[in-house]
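If you want the building blocks of each chain, they are given just below.
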Amino acid sequence: MPRKKAQKDKASHPAFTSGIVTFEFWNNDDPAHRDRTLEDVAKEAKKALGIAAYPYGDPDDLERGSIAFAGVAGNLSAAEKVARDVMRFLDEHSPGRAIEDHWIAEEIPEAP
């Protein structure tokens, strides 16, 4: 007997999430240390969570650095979970105190 293809849930629509998390590095005077630390955490997050992660730091503020994250999922709820998973990961692997985080999650529009 031929198998029926599973019907796609019409309520399910691909979605993305992206965010920036900023960390504070008290008394840091070495931009290489800050940048290397952020790069290591971004690399670990990519490997552990299967997301995009881009570290960056302001050359004029050695006590702060950020990582931008992005991920996709099958629906908006799952995309929001990706953001929660990133924050949980950072709680366990944080290179410094997270002082700010800004996230968005949106459904990806249908092609016209």
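Peer 1: Teacher, can you tell me more about the sheet that holds strand β3 (residues 64-73) here?
Peer 2: Strand-to-strand pairing in sheets goes through backbone hydrogen bonds, with the strands running parallel or antiparallel. As summarised here, the arrangement of the 4 strands in space is β2-β3-β1-β4, forming an open sheet in which the pairing is antiparallel. Because the sheet does not close on itself, it has two edges, and the strands there are β2 (52-56) and β4 (97-107). The average undirected angle you get between the axes of adjacent strands in this sheet is 15°. Taken together, the 10 bridges between strand β1 (residues 15-24) and β4 define a ladder with antiparallel strand orientation.

Peer 1: Whenever I open this one, the packing of helix α1 (residues 31-49) against helix α2 (residues 76-93) confuses me. Can you help?
Peer 2: Two measures define how a pair of helices packs: the angle their axes make with one another and the distance between the axes. Look at α1 against α2: their axes get within 11 Å of each other, and the N-to-C directions meet at 130°. When the interaxial angle is binned, α1 and α2 end up oblique. As for the relative orientation of α1 and α2, their crossing is right-handed in sense. Taken together, the residues of α2 that come into contact with α1 (itself represented by V41, E44, A45, A48 and L49) are D85, V86, F89, L90 and H93.

Peer 1: Hey, could you run me through α1 in this one?
Peer 2: Structurally, the α-helix is built with 3.6 residues per turn, so residues lying three or four positions apart point the same way. Look at α1: 27 Å from first C-alpha to last across 19 residues, which is about the 27 Å you get at 1.5 Å a residue. Along α1, the residues that are buried comprise R34, T37, L38, V41, A42 and A45. Down the axis of α1, the buried side of the element spans an arc of 130°, and every buried residue falls inside it. Exposed positions of α1 whose direction lies more than 90 degrees from the buried face are K43 and K47. Each element contacted by the buried residues of α1 is listed here: β1, β2, β3 and α2. Between the side-chain oxygen at the start of α1 and the backbone nitrogen of A32 there is a gap of 3.1 Å, and the oxygen is on D30. Taken from the residues just after α1, G50 is the one with a positive phi, measuring 65°.

Peer 1: Explanation requested: the nonpolar core in the structure shown.
Peer 2: Soluble globular proteins: nonpolar side chains tend toward being buried together. Counting 16 residues, the largest nonpolar core has V21, F23, I67, F69 and L90 as the members making the most contacts within it. Those elements that place two or more of their residues in this core are β1, α1, β3 and α2. Examining the composition of this core, we find that 5 residues originate from one element, α2, more than from any other. Dropping the residues within four chain positions of it, F69 is found in contact with T17, S18, G19, V21, A45, I51, A52, A53, V86, L90 and W103.

Peer 1: Sorry if this is basic, but what is going on with the side chain of T22 here?
Peer 2: By the element assignment, T22 lies in strand β1. The exposure class of T22 is buried, given its relative accessible area of 11%. A polar atom in the side chain of T22 sits 2.9 Å from the side chain of S66. For T22, the residues in contact, after removing those within four places along its chain, are R64, G65, S66, R97, A98, I99 and E100.

Peer 1: Where do I start with unusual backbone geometry in this structure?
Peer 2: Most peptide bonds adopt trans geometry, and most residues besides glycine take a negative phi value. Unusually for a residue other than glycine, N27 sits at a positive phi of about 55°. With relative accessibility at 65%, the residue N27 sits in the exposed group.

The rules we used
- Residues numbered from 1 in each chain as written.
- Predicted model: local features only at pLDDT ≥ 70, side-chain atom pairs only at ≥ 80, totals over all residues.
- Heavy atoms only, no water.
- Pairing = 2+ DSSP bridges.
- Helix = DSSP H or I, 4+ residues; strand = E, 2+ residues; numbered from the N terminus.
- Axes fitted to C-alpha atoms, helices over the stretch in contact; angles between N-to-C directions.
- Parallel < 35°, antiparallel > 145°, perpendicular 65-115°, else oblique.
- Left-handed = near helix turned anticlockwise from the far one by under 90°.
- Contact = heavy atoms within 4.5 Å.
- Expected span 1.5 Å × (residues − 1).
- Buried < 20%, exposed > 50% of the residue type's maximum accessible area, 1.4 Å probe, protein only.
- Arc of directions from axis to C-beta.
- Polar contact = N/O pair within 3.5 Å; in protein donor to acceptor, adjacent residues only side chain to side chain.
- Core = buried A, V, L, I, M, F, W, Y, C linked by side-chain atoms within 4.5 Å.

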